[in-house]
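# A closer look at the structure
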Amino acid sequence: MTTTVFTGIAELTTHADADPDAGAVADAALVVADGRVAWTGPLSQAPDADERVDLGGRAVIPGFVDSHAHLVFAGDRAQEFAARMTGTPYSAGGIRTTVAATRAASDDALRANLKRLTDEMLRQGTTTVECKSGYGLTVEDEARALRLAREQVEAVTYLGAHVVPAEYKERPEEYVDLVKGAMLDACAPYADYADVFCERGAFDAEQTREILTAAQAKGLDLRLHANQLGNGPGVQLAVEFGAASADHCTFLDDKDIAALAGSQTVATLLPGVEFSTRSPYPDARRLLEAGATVAIATDCNPGSCYTTSMPFCIAVAVRDMHMSPAEALWAATVGGAKALRRDDIGHLGVGARADFAVLDAPSYIHLAYRPGVPLVHRVWKNGTPAG
Ligand SMILES: [Zn+2]
């Protein structure tokens, strides 16, 4: 077994401790063996290793865990974005535009788009990606999306309940029956999680409950699109069902915050969506101060937020949601891992997978301090250079 010691680390953030404010080690070293972290600490105390890699005085952080993305789709919605920026409000209905383009696309076209997006993510420091279906909305097209996602990402989520497709507009209950019946049967073999867009204009509390119950019985873990466009039952349902995460959490009342704080359900904030739809941001401070576990993810999708950049989301979280740079980095790494119920990624404690990003900066604070600048110098995944 070859061991490698990484030196020349101006600042090493391991997140080996639970406290995001615990700080980072200056003039550090990192030892990797067999794709895992074997040792971290001050360079002066580093053990010998077979190989030595000098990182040239850069900061090292755990690879980002993007726990919420929609990457199996065709086409884009640039015109819709332009219209929204000049005054047309966002609604869930635009999803149907992407559904038509996705159904018409070949497997290879969808594969290539997914590869392009995950490559973008990797270049920006993301080493673990979650990807949902939700632009097929037929039994065949949803199963296809999950099968294709499974080829390229680690965490796969069945989102047949993204929106009621146009052909079921007058009979939404029949569509719910399909989502929790034949479509679930076809999709479950490819999926780790099931998700529902629980929102006015998408699926209501009762429909959400039916779908979550069926998915759970099928052995899938759960996540939920909750409280994005207004107050609603999504967060409470996520907690009630023991979902891994409640995502968006833009409109929360006191009960929602208390429910999240007293649960194992991670509040996954997607600030790129509020940025790209010019909407009010979630109240991250209240969630943090109540003791909720907070994650940040991109929600990369062609409609409401077409960014693959976790550094961008961190910058927005710090600037507009008043998270500290330390809290935002923690949420984008450990928080994302918790939202996927993983403890081997998102940190660089001994035994963790050696997934890390080397920054062209002396400190991770530059991720927020220098917004829009491509600061990721190199990414290592499983202890080997990626990309
Ligand atoms: Zn989403």
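It should be emphasised that the depicted structure is a prediction, and the values quoted were computed from it without experimental measurement. (Residues numbered from 1 in each chain as written. Predicted model: local features only at pLDDT ≥ 70, side-chain atom pairs only at ≥ 80, totals over all residues.)

## Concerning the overall build of the protein
Note the cut-off: A run of H or I in DSSP becomes a helix once it reaches four residues, and a run of E becomes a strand once it reaches two; helices and strands are each numbered from the N terminus. When we talk radius of gyration, it's over C-alpha atoms, and the globule rule is simply 2.2 Å times the number of residues to the 0.38. As a rule, residues whose C-beta atom has 12 or fewer other C-beta atoms within 10 Å are exposed, those with 20 or more are buried, and those in between are partly exposed; C-beta atoms are placed from the backbone. A pair of residues counts as a contact when their C-beta atoms, built from backbone coordinates, are separated by no more than 7 Å.
Looking only at helices and strands, one finds 14 helices and 15 strands in the protein. Computed over its C-alpha atoms, the radius of gyration of the protein comes to 20 Å, within 12% of the 21 Å expected for a compact globule of 387 residues. Its C-alpha atoms put the protein at 70 × 45 × 45 Å along the principal axes. Burial statistics for the protein: of 387 residues in total, 56% are counted as buried. Contacts in the protein between residues far apart in sequence, at least 24 positions, make up 71% of those at least 6 positions apart.

## Some remarks on helix 3 (residues 107–123)
Which entries qualify depends on this criterion: By this rule, a helix spans an expected 1.5 Å times one less than how many residues it contains.
Relative to the 24 Å expected for 17 residues at 1.5 Å per residue, helix 3 spans 24 Å between its end C-alpha atoms, a close match to the ideal helical length. Every buried residue of helix 3 is listed here: Leu110, Asn113, Leu114, Leu117, Thr118, Met121 and Leu122. Tucked inside the fold, the buried residues of helix 3 contact strand 5 (64–66), strand 6 (126–132), helix 4 (139–152), strand 14 (376–381) and strand 15 (384–386). A positive backbone phi angle near 100° is found at Gly125, which sits one or two residues after helix 3.

## Considerations on the domain arrangement of the protein
This is how it is decided: Domain delimitation follows an automatic or database domain assignment. Residues are sorted three ways: Asp, Glu, Lys and Arg are charged, Ala, Val, Leu, Ile, Met, Phe, Trp, Tyr, Cys and Pro are nonpolar, and all the rest, Gly among them, are polar.
Annotation of the protein at the domain level lists domain 1 (3–63 + 346–386) and domain 2 (64–339). Domain 1 puts 21 residues into the contact, and the matching count from domain 2 is 24 residues. At three residues, strand 14 tops the list of elements feeding residues into the side of domain 1 that touches domain 2. Classifying every residue of the side of domain 1 that touches domain 2 by side-chain character gives 13 nonpolar, five polar and three charged.

## Side note on the sheet that holds strand 7 (residues 155–161)
Note the following rule: Between any two strands, at least two bridges found by DSSP are needed for them to pair. Comment: axis = line fitted to C-alpha atoms, over the contacting stretch for helices; angle = value between 0 and 180 degrees taken between N-to-C directions.
Spatially, eight strands are ordered 5-6-7-8-9-10-11-12 in an open sheet, and the strand pairing comes out parallel. On the outer flanks of this sheet lie strand 5 and strand 12 (294–296), each paired with one strand and no other. Here the strands of the sheet are splayed against their neighbours by 25° on average, with no regard to which way each runs. Pairing of strand 8 (residues 193–198) with strand 9 (residues 221–226), which is carried by six bridges, proceeds in the parallel orientation. Following the sheet pairing, Ala194 is matched in strand 9 by Leu222.

## Considering the sheet that holds strand 2 (residues 25–33)
Pairing within the open sheet is mixed, and its seven strands lie in the order 3-2-1-4-13-14-15. The two strands at the open ends of the sheet, each matched to only one other strand, are strand 3 (36–42) and strand 15. In this sheet, adjacent strand axes meet at a mean angle of 40° when their direction is disregarded. By the bridge criterion, three bridges tie strand 14 to strand 15 in an arrangement that is antiparallel. When the sheet's bridge partners are listed, Lys381 is paired in strand 15 with Thr384.

## Quick notes on the pairing of strand 7
Among the seven residues of strand 7, seven are classified as buried, and the element is accordingly described as predominantly covered. In this sheet, strand 7 lies alongside strand 6 in parallel orientation, the contact comprising three bridges. Note on strand 7: the bridge partner recorded for Glu130 is Ala155. Bridge count for strand 7 against strand 8 is three bridges, and the pairing is parallel. From the neighbouring strand, Thr157 faces strand 8, where its bridge partner is Tyr193.

## Notes on the packing of helix 5 (residues 172–180) against helix 7 (residues 205–217)
The geometry of a pair of packed helices is captured by two quantities: the angle between their axes and the separation between those axes. Counted only if it meets this: For this classification, under 35 degrees means roughly parallel, over 145 means roughly antiparallel, 65 to 115 means roughly perpendicular, and everything else is oblique. Crossings are assigned a handedness: left-handed for a near helix turned anticlockwise from the far helix by less than a right angle, right-handed for a clockwise turn.
Here helix 5 crosses helix 7 at 15°, and the two axes come no closer than 9 Å. Here helix 5 lies roughly parallel to helix 7, going by the angle between them. Here the hand of the crossing between helix 5 and helix 7 comes out right-handed. Two secondary-structure elements touch here, helix 5 through Val176, Val179 and Lys180 and helix 7 through Gln207, Glu210, Ile211 and Ala214.

## Re the pairing of strand 10 (residues 245–248)
As a reminder, the rule being used: Crossovers are marked right-handed if the path from the first strand over the helix to the second runs clockwise, as seen with the strands pointing away from the viewer.
As defined by bridge partners, strand 9 adjoins strand 10 across four bridges and the pair is classed as parallel. Bridge assignment links His225 to a residue of strand 10, and that residue is Asp247. You can see the chain leave strand 9, run along helix 8 (residues 234–240) and come back into strand 10, and the turn it takes is right-handed. Here strand 10 pairs with strand 11 (residues 266–269) via three bridges, running parallel. Counted as the bridge partner of Ser245 is Val266 from strand 11. The handedness of the strand 10 to strand 11 crossover, carried by helix 9 (residues 254–261), is right-handed.

## So, helix 4
Compared with the 20 Å implied by 1.5 Å per residue over 14 residues, the 21 Å span of helix 4 between its first and last C-alpha is a close match. Among all positions of helix 4, only Asp141, Glu142, Ala143, Arg144, Ala145, Leu146, Leu148 and Ala149 are buried. Contacts made by the buried residues of helix 4 are with helix 2 (95–104), helix 3, strand 6, strand 7 and helix 6 (182–187).

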